[in-house]
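Below, each chain spelled out in residue letters.
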Amino acid sequence: MGILEEFMSKELPKPIGSANGVPIYTFEDMQEVNNYKLMEEKLTGKDAELGTRPINPDGTYTSVRKLGSAVNIDRYLANRMRIVKDGTKVLYHIVDDYRAIQEQKNGRVYTNVLPAYVITANNHKLNYVETINVSDKEFINEFTKQLSNEDMIEVKKILPVNAGEVEKVHIL
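Residues numbered from 1 in each chain as written. Predicted model: local features only at pLDDT ≥ 70, side-chain atom pairs only at ≥ 80, totals over all residues. Heavy atoms only, no water.

**A look at a nonpolar patch on the surface**
Here is step 1 of the chain: Residues Leu4, Met8, Met39 and Leu43 make up a contiguous nonpolar surface patch of roughly 380 Å² in combined accessible area.
Here is step 2 of the chain: Residue assignment for the nonpolar patch shows that the elements contributing at least two residues are α1 (3–9) and α2 (27–44).
Here is step 3 of the chain: Residue placement: Leu43 occurs in helix α2. (Patch = residues over 30% accessible without salt bridge, like charges linked within 9 Å, V, L, I, M, F, W, Y side chains within 5 Å. Areas by Shrake-Rupley, 256 points an atom, 1.4 Å probe, with all protein chains shown as cover. Salt bridge = Lys/Arg side-chain N within 4 Å of Asp/Glu carboxyl O. Helix = DSSP H or I, 4+ residues; strand = E, 2+ residues; numbered from the N terminus.)

**Some details on the packing of aromatic side chains**
Here is step 1 of the chain: Enumeration over the complete set of coordinates arrives at one aromatic pair.
Here is step 2 of the chain: Note on Phe139 and Phe143: the rings are 5.6 Å apart at their centroids and 40 degrees apart in plane angle, and the pair reads as tilted. Like Phe139, the residue Phe143 is buried in the burial classification.
Here is step 3 of the chain: Geometry around Tyr76 places Lys156 over its ring, the cationic atom sitting 4.5 Å from the centre. (Phe/Tyr/Trp six-rings, centres within 6.5 Å; stacked < 30°, edge-to-face > 60°. Buried < 20%, exposed > 50% of the residue type's maximum accessible area, 1.4 Å probe, protein only. Lys NZ or Arg CZ within 6 Å of the ring centre and 35° of its normal.)

In structure tokens form, the structure reads like this:
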């Protein structure tokens, strides 16, 4: 197989999630996606120059091509969890606030209340139930478990877009 055939048959990495419609990749996967797109542009005759960005007349940069965002996967997927049995149901309360997770070991976190996602698992299928608030004391003392990165990716896929976010309103 030649280099061209090998390149064209290569499968691109899948994003681990998305934010505001922009795919999120690990640093290594983002590098691979960028290299693939640059090679594709070179092979199809497009200008693949990555030099300086053009500047608008007002002094701001023009928009640049954005194929995705790269994140530190361990920070993006950081979580703490507690398991709550509610009758016959098992509920998983998950906090993904990175700062609070880092401060948890000190016995103090920066805020009094943290949002936690309530998730259930039925027949190997995750379901989002709601977002609740947990106190800092609850978080410090009861959130002692952690999901694997693979499981946290699945949790992030089922979260509603607006879970924990504020609606943006334009008045002008």
